[in-house]
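In case you want the letters, here they are:
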Amino acid sequence: MPPSSAPPASSAIPMIKNKKGKGKQVVEIKLVPEDQRIFQGLHFYFFPNSDTHPGRRQRIIKAIEYGASWQDKFNDTVTHIIVDRDYDFEQLLKYLKLKELPLVDTSTIEFRVKGYEPPASSATIAQPIPSQASEVSLQLKPVKRKAVVLSSQVTSEASLNLVSSSAASLSNSPAPGVPDPQQVPNKDEDELDTAIRQAKESHPLASDDEDDVEGHKRRKTNNWQDKFQCMHKHTGKSGDQGPNAHTLVVLQELADHYDQIRDQWRCKSYRQAISALRKQTIKISTKEAAMRVYGIGSSIAEKIEEIVRTTHLRKLDFAKLDERQQILNRFMKIYGVGLHAAENFASAGYKTIDDLLQKAELTDNQRIGIDHYDDFNSRVPRAEVEKHAGIVKKALKGLDKNYIVNTMGSYRRGAQDSGDIDLLITKPGASIDEIRTTVMDRLVPLLTKHKFLVAALAQTSQADGTKWHGASCLPDSSTWRRIDLLLVPEEELGAALLYFTGNDIFNRSMRLLASKKGMRLNQRGLYKDVLRDYGREKLSEGTLVEGKDERKIFEALDVPWRPPEHRIC
DNA sequence: TGGCAAATACTG
DNA sequence: CAGTAT
DNA sequence: GCCA
């Protein structure tokens, strides 16, 4: 059992020092609110245990902010050791002059320190240690951290996870009697108290080696907004035949790859780079030329050069051959199966959809997703979207002719086919409650009775629900289509139109722009005077600027109006 | 080095 | 609450 | 992965 709570009086938190001698004497540590201190009662020892390295320093500060104590010596109160990625287990033992660590929790291999092998006796299935740093970050999100010895491999993600992960499990305390790390200053309680007090008073964590910038940060950029995708006209053309057509195809494959392995940021970067490259009017053949394009950095620029020279990209071939990845992709295309479930299935040894059907435990929705795997993963021709929408529209008008149905998503952007059918339902002057009641209690049952709606995947059960997800099937067809009914009061129609029209990049761009202007955009409206909590980004609602009129939202954001067909980024 | 959109709402 | 979907 |  854990040694619990208070560290002995002798162990203190080492002083967090400023890197630069000048300026503020004390680093700014802001303890998070008590109920969020997920590391409360835990005692961390870092290896190396100094804050001279900026990355480690950051982690130390975060740890303290979230309630941990930073032990300046390795002692028997230490519950967790966080080892830099440049060191391995052997080096740690050697430094501590120990033969072994009485580790308890070895279950989480993602954070296992290089060179550490669990005791042979343990019946753990041998899994490869994911030591290639670049890929590791992908696997971090879903795991709960438990490991006693953590490898601080991935700095940025790690610090993020500090925030979101639940409290780490405690462990038995290692043996006492340990050498004294010489580089660590030995402070004691007075300073601990001081640090805590100062921490409570101080501002959000900031890079203290940076001067206050607020003033001159606003440079000449009178057109900083140009960097936002939503400011740019885009006519879905010029790409297929443009000068960089082939390069774009290959890059798109890479983007898809990152999408599939759920690396959202790389995926985003690739999509942005693709978008930027598509706008080029000349062929980009060299790294240098590519680098000059906003949105393309050195990494993608190199790949562009490789693609042009060899008409190929080796990385892509490699990615395509990864069997486990293939399996995960296959599973994640099932409605109701995300990364987590897919990994569980794969770990259980299932390889095919058939395996799942026969052996796996499935939720109701997942079963539907499998039964209609091909249906749900095929595109819906534009004409068919119209038929589905027409049926809903007709039925709804039959109930109340004042209802309005808008077909959203890629259909509204003019696409020739869509992934699913999004129908936005509203009625001028009606409350959301009235709309919900009509749709849920009358429309859905009616269409279900008529065998048009054939499955309910997610239906509002709460009093404030605003959507219905399911499947529909045309009378003369056997193909099920994913269909979503979105209920929106008239006051929010504009924001909803904007939101459900997309595309996603365009939306993100608009929202990012709004937030940079001190506003906030969501599916209900545009708000101003948004109060953002210090450092972290909690916010107060703000006041509504516009929600009803789509065009007015563009105006309020000072974005030139763009019809749906031009919102493809 | 940190941010990258943002929220709702379902299932289990 | 975590996971998933949108 | 890109950018500030």
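Cut-offs and rules
Here the residue index of a chain counts from 1 through its sequence in written order. Here the convention is simple: chains get letters from A, ligands get numbers from 1, in the order in which they are written. Totals for whole chains, interfaces and linings use every residue, but because this is a predicted model, local features are given only for residues with pLDDT of at least 70 and side-chain atom pairs only at 80 or more, for both listing and counting. As a rule here, side-chain values cover all heavy atoms of the structure and leave hydrogens and water aside. We call a residue near a molecule or strand when any one of its heavy atoms sits within 4 Å of it. In protein, a polar contact means a hydrogen-donor-capable atom and an acceptor-capable atom, both N or O and within 3.5 Å, with residues adjacent in sequence counting only if both atoms are side-chain atoms; elsewhere, any N or O pair within 3.5 Å suffices. In DSSP terms, a helix is any run of H or I states spanning at least four residues, a strand is any run of E spanning at least two, and both are numbered starting from the N terminus. Exposure classes here rest on a 1.4 Å probe applied to the protein chains alone. A residue is buried below 20% of its type maximum, exposed above 50%, and partly exposed in between. We call two residues contacting when some pair of their heavy atoms lies within 4.5 Å. Pairs of strands are assigned from DSSP output, requiring at least two bridges between the strands. For Phe, Tyr and Trp, rings pair up if their centres lie within 6.5 Å, where Trp contributes its six-membered ring, and each pair is then called stacked (planes under 30 degrees apart), edge-to-face (over 60) or tilted (otherwise). A helix's residues, less one, multiplied by 1.5 Å, set its expected span. UniProt positions are given in the numbering used here, feature names are shortened, and annotations may be inferred rather than shown by experiment. Ten residues, namely Ala, Val, Leu, Ile, Met, Phe, Trp, Tyr, Cys and Pro, are considered nonpolar, four, namely Asp, Glu, Lys and Arg, are considered charged, and the remaining ones, Gly among them, are considered polar. Throughout, an axis means a line fitted to C-alpha atoms (over the contacting stretch in the case of helices), and angles, computed between N-to-C directions, take values from 0 to 180 degrees. Small angles under 35 degrees read as roughly parallel and large ones over 145 as roughly antiparallel, with 65 to 115 read as roughly perpendicular and the rest as oblique. Crossing handedness is defined as follows: a turn of the near helix away from the far one that is anticlockwise and smaller than a right angle gives a left-handed crossing, while the clockwise case is right-handed. Only one rule defines a salt bridge in this text: a Lys or Arg side-chain nitrogen within 4 Å of an Asp or Glu carboxyl oxygen. Residues enter a nonpolar core if they are buried and are Ala, Val, Leu, Ile, Met, Phe, Trp, Tyr or Cys, with the set joined through side-chain atoms within 4.5 Å.

Visitor: Looking at this structure, how should I read the protein's contact with DNA strand D?
Guide: What surrounds DNA strand D is a group of 15 residues, the closest being Lys227, Tyr258, Ser269, Gly295 and Gly297. In DNA strand D, the atoms that sit within 4 Å of the protein are 74% sugar and phosphate, with bases accounting for the remainder. Tyr294 places a polar side-chain atom, nitrogen or oxygen, 3.5 Å from a sugar or linking oxygen of DNA strand D. A distance of 3.4 Å separates a phosphate oxygen of DNA strand D from a polar atom in the backbone of Ile296. Within the residue set of the surface near DNA strand D, elements represented by two or more residues are helix 8 (264–278) and helix 10 (298–310).

Visitor: Which parts of the structure should I look at to understand unusual backbone geometry?
Guide: Along the chain, Gly502 connects to Asn503 via a cis peptide bond; the corresponding omega equals 0°. With respect to the helices, strands and loops of the structure, Asn503 is situated in the loop between helix 20 (493–501) and helix 21 (504–516). Its identity as a non-glycine residue notwithstanding, Arg262 has a phi of 60°, on the positive side. Along the chain, the position of Arg262 falls in the loop between helix 7 (245–260) and helix 8. Judged by its relative accessible area of 35%, Arg262 falls in the partly exposed class.

Visitor: Explain the environment of Ala463 here, please?
Guide: Tracing the chain through its elements places Ala463 in the loop between strand 9 (453–459) and strand 10 (467–472). Note on Ala463: relative accessible area 65%, which makes it exposed. If near-sequence neighbours (up to four positions away) are discounted, Ala463 is found in contact with Asp433 and Arg436.

Visitor: Explain the sheet that holds strand 12 (residues 520–521) here, please?
Guide: By way of backbone hydrogen bonds, the strands of a sheet pair with one another, either parallel or antiparallel. As summarised here, the arrangement of the 3 strands in space is 12-13-16, forming an open sheet in which the pairing is antiparallel. Two strands lie at the open edges of the sheet, namely strand 12 and strand 16 (543–546), each paired on one side alone. Note: strand 13 (residues 526–528) against strand 16, 3 bridges, orientation antiparallel. Looking across to strand 16, one finds that Leu526 is bridged to Glu546.

Visitor: Just to check I follow, could you spell out the packing of aromatic side chains for this structure?
Guide: We describe a pair of aromatic rings using the distance from one ring centre to the other and the angle between the two ring planes. The full count for this structure, using the stated rule, is 7 aromatic pairs. Ring plane angle 65° and centroid distance 4.9 Å describe the contact between Phe554 and Trp561, whose orientation is recorded as edge-to-face. Under the relative-accessibility criterion, Trp561 is labelled partly exposed at 28%. Site record: aromatic cluster; members linked through ring pairs are Phe331, Phe345 and Tyr350.

Visitor: How should I be thinking about helix 8 in this particular structure?
Guide: For an α-helix, the turn length of 3.6 residues means that residues three or four places apart are oriented alike. For helix 8, which comprises 15 residues, the first-to-last C-alpha distance of 21 Å matches the rise-based estimate of 21 Å (1.5 Å per residue) to within 8%. All buried positions along helix 8 are accounted for by Cys267, Tyr270, Ala273, Ile274, Ser275, Ala276 and Leu277.

Visitor: Any chance you could explain the side chain of Asp400 here in plain terms?
Guide: Relative to the helices and strands, Asp400 is located in the loop between helix 17 (382–399) and strand 6 (404–407). Leave out the neighbours within four places in its chain, and Asp400 touches Lys427 and Glu434.

Visitor: Sorry if this is basic, but what is going on with the UniProt feature "active site" (unreviewed entry) in chain A here?
Guide: Taking the UniProt record as the reference, the feature "active site" (unreviewed entry) is found at Lys303. Residue placement: Lys303 occurs in helix 10. Lys303 gets classed as buried once you look at its relative accessible area, which sits at 14%. With residues up to four places along the chain from it excluded, the contact list for Lys303 reads Leu254, Tyr270, Leu313 and Lys315.

Visitor: Would you mind showing me how to read the protein's contact with DNA strand C here?
Guide: Surveying the vicinity of DNA strand C reveals 12 residues, the closest of which are Gly336, Val337, His340, Ala341 and Arg482. Counting only the atoms of DNA strand C that lie within 4 Å of the protein, the sugar and phosphate share comes to 100%. Separating a phosphate oxygen of DNA strand C from a backbone N or O atom of His340 is a distance of 3.1 Å. Note that a phosphate oxygen of DNA strand C is positioned 2.7 Å from one of the backbone N or O atoms of Ala341. Counting residues per element, the surface near DNA strand C draws most heavily on helix 13 (residues 339–347), which supplies 3 residues. Class assignment of the residues belonging to the surface near DNA strand C gives a composition of 6 nonpolar, 4 polar and 2 charged.

Visitor: Even after reading the chapter, I still don't get the packing of helix 7 against helix 10, so can you show me in this structure?
Guide: For any two helices packed against each other, one specifies the crossing angle of their axes together with the interaxial distance. One way to put it is that helix 7 packs onto helix 10 with a least axis distance of 10 Å and a crossing angle of 125°. Looking at the two axes, helix 7 sits oblique to helix 10. Classified by chirality, the crossing of helix 10 by helix 7 is right-handed. Here helix 7 contributes His246, Thr247, Val250, Leu251 and Leu254 to the contact with helix 10, which in turn contributes Ile300, Lys303, Ile304, Ile307 and Val308. Grouping the constituent residues of the contact of helix 7 with helix 10 by class yields 7 nonpolar, 2 polar and 1 charged.

Visitor: I tried to follow the pattern of salt bridges on my own but got confused; where do I start?
Guide: When the charged atoms of two side chains lie near each other, side chains of opposite charge can form a pair. Under the counting rule described, the total for this entry stands at 17 salt bridges. Its salt-bridge partner being Asp263, residue Arg266 comes within 2.6 Å of it at the nearest N-O pair. Its relative accessible area of 6% is what places Asp263 among the buried residues. As a salt-bridge pair, Arg436 and Asp433 come within 3.1 Å of each other at their nearest N and O atoms. With Arg436 and Asp433 both in helix 19 (residues 432–449) and 3 residues apart, this pair spans about one turn of that helix. Three or more residues joined by partner-sharing salt bridges are found here, namely Asp400, Lys427 and Glu434.

Visitor: What is the right way to look at the nonpolar core in this model?
Guide: Within soluble globular proteins, side chains that are nonpolar generally end up buried alongside one another. Of all hydrophobic cores here, the largest spans 26 residues; its most connected members are Leu423, Ile425, Val439, Leu443, Ile483 and Leu485. With sequence-adjacent residues up to four places away left out, Leu423 is seen in contact with Ala389, Val392, Val405, Asn406, Thr407, Ile483, Asp484, Leu485 and Leu486. Among the nonpolar cores identified, the runner-up in size contains 24 residues, and Leu248, Tyr258, Tyr270 and Val293 belong to it.

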